[in-house]
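# Report on the structure
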Amino acid sequence: RLESLETALVLAEYAQRPAPPFAWYADQIDYLREMGDILGIPNWFTYGATCFAHPLRFDRDVADKFVRRIREGGPAGLTAMPVAGMTTPVTVEGFIAVAAAEHVATWMAGRALDPACPLGGSMWSGTVDMRTGSVSYSTFDALFYGFACCEFLRLWTGRHLPVGGGEYCDAREPGTFAAMEKAWKAMTIAAFQGSHPSIGQGMLECGRTLCPVQVLLEQDFFHGLEQMAQTVQPTPDRIDLDGIADVDLGLTRSYLAGAGTLAHFRELWLPRFVPRSGWDGPRGDRLALDRARGRMDELLDAYRKPEGREDVLERLRAVVARARQRLL
């Protein structure tokens, strides 16, 4: 009951730029807003995901937050995590029928509260390993079920829902393989839906674990993907006709020693941890992890706790103490 407020205290005390905490319950929101006002950050909270139990069951806590969000002008959308063979039928057709009905029912509930509320949501489809009972949100069949349901909803209702992002991968150990698994999932989603989901948060085990070293490895991949967002700028400096004429046929010199390369080589992808030349076996994985761990140690050593917040923190603790009396 107090987790969001205690999280807010930790963020306020230790983070240079405290991000908004996640409100699990509707009755936490007013306290979080009050704490944000003390920090000078308006509306310092996030509603996060709207998740109910599958098949469609709104428990009281989810329903209270859903109603409040709609009445404050927010969207009606379900962060759906149906699992084929567990919370829906195992066939893709049965999965679509149940999962699509859940989204439409959520939209109907939202429009009953506010006829003008925006409609949204997302699909985080999962499938069961019938040998072990474990659930995956990134296997081939899990992604296919999600794509099929979202395409059905698009054709039926005209609403475009994204299939949930690259962070929910099955990898259980940090390393370049985990980063590649996320990149594969994210780019598969982009290929089918036309937009690239977020990656780079360092999650493992389908979102159960946050690994700081994995964050650094994924930053390398993220900066690599940024290469694809560049625009071509055909200016004289960047074309460098003089340099092209100087190299000529490349019989006596190359661009490697040219002034243009010296000026612009940092525009290439220069990863700090992962091997640029591709996977070279377990030894390369170990080196990448060792580099990332070393850098994380440097970052931790360089950390300095924010100063000058003592009075603010006392006021925040008073809010949490008041909430403890009322919420518990």
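Summarised in this report is the structure supplied together with it. Position numbers for residues count from 1 along each chain, tracking the sequence in the order it is written. The predicted nature of this model means local features are confined to residues of pLDDT at least 70 and side-chain atom pairs, given and counted, to a pLDDT of 80 or more, with totals for whole chains, interfaces and linings taken over all residues. Side-chain measures here rest on the full set of heavy atoms in the structure, leaving out hydrogens and waters.

Before going further, it helps to examine the overall build of the chain. Counting from the N terminus, the helices are DSSP H or I runs at least four residues long and the strands are E runs at least two residues long. What the chain contains, in helices and strands, is 12 helices and seven strands. Taken along the three principal axes of its C-alpha coordinates, the chain extends 75 × 60 × 45 Å. In the chain, which comprises 328 residues, the proportion classed as buried is 39%. Working rule for contacts: check all heavy atoms of both residues, and any pair within 4.5 Å makes them a contact. Considering only contacts in the chain between residues 6 or more positions apart, those separated by 24 or more positions represent 68%. Note on areas: these come from Shrake-Rupley sampling with a 1.4 Å probe, and a residue is covered only by the protein chains present in the view. Surface summary for the chain: the accessible area is close to 19000 Å², and the carbon and sulfur share equals 58%. Neither His nor the chain ends is counted toward charge; the positive residues are Lys and Arg and the negative residues Asp and Glu. Think of each charge as sitting on NZ of Lys, CZ of Arg, CG of Asp or CD of Glu. Here the chain holds 35 positive side-chain charges and 41 negative ones, and the gap between their average locations is 4 Å. Note on exposure labels: buried denotes an accessible area under 20% of the residue type's maximum, exposed denotes more than 50%, and partly exposed covers the range between, all computed with a 1.4 Å probe on protein chains only.

For the rest of this paragraph, the subject is the nonpolar core. Grouped together as the largest cluster of nonpolar side chains are 28 residues, with contacts concentrated most on Ala76, Phe95, Trp107, Met123, Cys149, Leu153 and Val163. Elements represented by at least two residues in this core include exactly α3 (60-71), β1 (76-80), α4 (92-113), β3 (119-123) and α5 (140-157). Setting aside its immediate chain neighbours within four residues, Trp107 contacts Ala76, Leu119, Gly120, Leu153, Thr157, Arg159 and Leu161. The next biggest cluster of nonpolar side chains, apart from the first, holds 20 residues, and it includes Ala23, Ile29, Leu316 and Val320. What is meant by a nonpolar core is a set of buried Ala, Val, Leu, Ile, Met, Phe, Trp, Tyr and Cys residues, joined one to another through side-chain atoms within 4.5 Å.

Our focus in this paragraph is the packing of helix α6 (residues 176-193) against helix α7 (residues 212-226). Interaxial angles span 0 to 180 degrees and are taken between N-to-C directions of axes, which are lines fitted to C-alpha atoms, for helices over the stretch in contact. It is at 9 Å that the axes of α6 and α7 come closest, and there the two elements cross at 45°. Our classification of the angle between α6 and α7 gives oblique. In this structure, α6 crosses over α7, and the sense of that crossing is right-handed. For the pair formed by α6 and α7, the contact residues are Thr176, Ala178, Ala179, Met180, Lys182 and Met187 on the first element and Gln214, Leu217, Glu218, Phe221 and Leu225 on the second. Here the word oblique covers every angle except those under 35 degrees (roughly parallel), over 145 (roughly antiparallel) and from 65 to 115 (roughly perpendicular). We call a crossing left-handed when the near helix sits turned anticlockwise from the far one by less than a right angle, and right-handed when that turn is clockwise.

Moving on, we come to α7. A helix is expected to span 1.5 Å multiplied by its residue count minus one. Taking 1.5 Å of rise per residue, the 15 residues of α7 would be expected to cover 21 Å, and the 21 Å separating its terminal C-alpha atoms lies within 8% of that figure. When α7 is considered as a whole, its buried residues turn out to be Val213, Gln214, Leu216, Leu217, Glu218, Asp220, Phe221 and Gly224. Lining the buried residues of α7 we find α6, β6 (203-204) and α11 (282-302).

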